[in-house]
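So the chains spell out like this:
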Amino acid sequence: MTATLIWILVVLVAVGLYLSWTAGRLDRLHARIDAARAALDAQLLRRASVAQELATSGVLDPAASMVLYEAAHAARQAEEELREVAESELSQALRAVFAEAQQMDVLREAPGGEAAAHELAEAVRRVPMARRFHNDAVGAARRLREHRKVRWFRLAGHAPFPLAFEMDDESPAALVERAA
């Protein structure tokens, strides 16, 4: 009788340790999502700021400046629910403004244009990487949260279900060539 109780106790402790380890893993994934989201927000803000600064510099033609400024301003001021759309529109505006390599040549020839072109190319290059890191962390957390043990024992607690950040982050060809 006591041997049976000891075995039951050992099994319960092992299950408890396993569930505790799984909850800790899920907590670390949620912390990774928060860190990746902060990095993504920083890169999106940097891209919008550089685009807005470039639009107000007077280097671009007035129509391109207006399109780029409005898209960058909308991306910086967007509410959380509309952020993906606003950031996608900024990507589209960047592709429209820098669709041709001549625009990059005009930018590089302007005073301080080489530095501005480099900064914009770096900002545009880093956004897809930051988004990929965030979405990978979200995918890992989602896969773990879909396990029965996580749902049955409510190991996720009250943490909201993680959502991927879906946006158009295709870079303009002239900026990709510039960053390479």
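The model shown is predicted, which means the values in this text are computed figures rather than measured ones.

About the thresholds
Residues numbered from 1 in each chain as written. Predicted model: local features only at pLDDT ≥ 70, side-chain atom pairs only at ≥ 80, totals over all residues. Heavy atoms only, no water. Helix = DSSP H or I, 4+ residues; strand = E, 2+ residues; numbered from the N terminus. Rg over C-alpha atoms; globule rule 2.2 N^0.38 Å. Buried < 20%, exposed > 50% of the residue type's maximum accessible area, 1.4 Å probe, protein only. Core = buried A, V, L, I, M, F, W, Y, C linked by side-chain atoms within 4.5 Å. Contact = heavy atoms within 4.5 Å. Expected span 1.5 Å × (residues − 1). Patch = residues over 30% accessible without salt bridge, like charges linked within 9 Å, V, L, I, M, F, W, Y side chains within 5 Å. Areas by Shrake-Rupley, 256 points an atom, 1.4 Å probe, with all protein chains shown as cover. Salt bridge = Lys/Arg side-chain N within 4 Å of Asp/Glu carboxyl O. UniProt positions renumbered as here; feature names shortened; annotations may be inferred. Axes fitted to C-alpha atoms, helices over the stretch in contact; angles between N-to-C directions. Parallel < 35°, antiparallel > 145°, perpendicular 65-115°, else oblique. Left-handed = near helix turned anticlockwise from the far one by under 90°. Nonpolar A, V, L, I, M, F, W, Y, C, P; charged D, E, K, R; others polar. Polar contact = N/O pair within 3.5 Å; in protein donor to acceptor, adjacent residues only side chain to side chain.

A few words now on the overall build of the protein. Of regular secondary structure, the protein possesses 7 helices and 0 strands. When the helices and strands of the protein are listed from N to C terminus, the series reads α-α-α-α-α-α-α. In terms of overall dimensions, the protein is more spread out than a globule: its C-alpha atoms have a radius of gyration of 24 Å, far above the 16 Å expected for 180 residues. Here the C-alpha coordinates of the protein stretch approximately 90 × 30 × 20 Å along the principal axes. The burial tally for the protein puts 39% of its 180 residues in the buried class.

Turning next to unusual backbone geometry. Phi at arginine 154 takes a positive value of approximately 50 degrees, unusual for a residue other than glycine. Residue position: arginine 154 is located in the loop between helix 6 (148–152) and helix 7 (173–179). Judged by its relative accessible area of 70%, arginine 154 is exposed.

A few words now on the nonpolar core. Of all hydrophobic cores here, the largest spans 25 residues; its most connected members are Leu68, Leu90, Leu94, Phe98 and Leu120. Every element with two or more residues in this core is listed here: helix 1 (2–55), helix 2 (62–77), helix 3 (83–97), helix 4 (101–109), helix 5 (113–145) and helix 7. With residues up to four places along the chain from it excluded, the contact list for leucine 90 reads Arg47, Ala48, Ala51, Leu68, Ala71, Ala72 and Ala75. One finds Val138, Ala140, Ala141 and Ala156 within the second-largest nonpolar core, a separate group that totals 12 residues.

Moving on, we come to helix 3. Taking 1.5 Å per residue as the helical rise, helix 3 with its 15 residues ought to reach 21 Å, and the 21 Å between its terminal C-alpha atoms agrees with that figure. Three or more residues of helix 3 are buried, namely Arg83, Ala86, Glu87, Ser88, Leu90, Ser91, Ala93, Leu94 and Val97.

A few words on a nonpolar patch on the surface. A surface patch of nonpolar side chains, amounting to about 480 Å² of accessible area, comprises Met1, Leu5, Ile8 and Leu12. Summarising the element assignment, isoleucine 8 is placed in helix 1. Judged by relative accessible area, which is 45%, isoleucine 8 ranks as partly exposed.

Within this numbering scheme, the UniProt entry marks residues 6–24 as carrying the feature "transmembrane region" (unreviewed entry). Between the C-alpha atoms that bound residues 6–24 there is a distance of 27 Å. The span itself is 100% helix and 0% strand.

A word on the packing of helix 1 against helix 3. Relative orientation of the contacting elements helix 1 and helix 3 amounts to 45 degrees, with a least axis distance of 11 Å. The angle between helix 1 and helix 3 falls in the class oblique. Viewed along their axes, helix 1 and helix 3 form a crossing whose handedness is left-handed. Here Asp41, Leu44, Leu45, Arg47, Ala48 and Ala51 of helix 1 come into contact with helix 3, specifically with Arg83, Glu87, Leu90, Ser91 and Leu94. Residues that form the contact of helix 1 with helix 3 fall into these classes: 6 nonpolar, 1 polar and 4 charged.

Relative to the helices and strands, glutamate 87 is located in helix 3. Assessed through its relative accessible area of 1%, glutamate 87 is described here as buried. Side chain to side chain, glutamate 87 and arginine 47 meet in a polar contact 2.8 Å long. When near neighbours in sequence (up to four residues on either side) are disregarded, glutamate 87 contacts Leu44, Arg47, Ala75, Phe165, Met167 and Asp168.

What follows deals with the packing of helix 2 against helix 3. Close contact between helix 2 and helix 3 brings their axes to 8 Å; oriented N to C, the two are set at 160 degrees. The pairing of helix 2 with helix 3 is recorded here as roughly antiparallel in orientation. As for how helix 2 packs across helix 3, the hand of that crossing is left-handed. On helix 3, the residues that touch Ala64, Val67, Leu68, Ala71, Ala72, Ala74 and Ala75 of helix 2 are Arg83, Ala86, Glu87, Glu89, Leu90, Ala93, Leu94 and Val97. Of the residues that constitute the contact of helix 2 with helix 3, the class distribution is 12 nonpolar, no polar and 3 charged.

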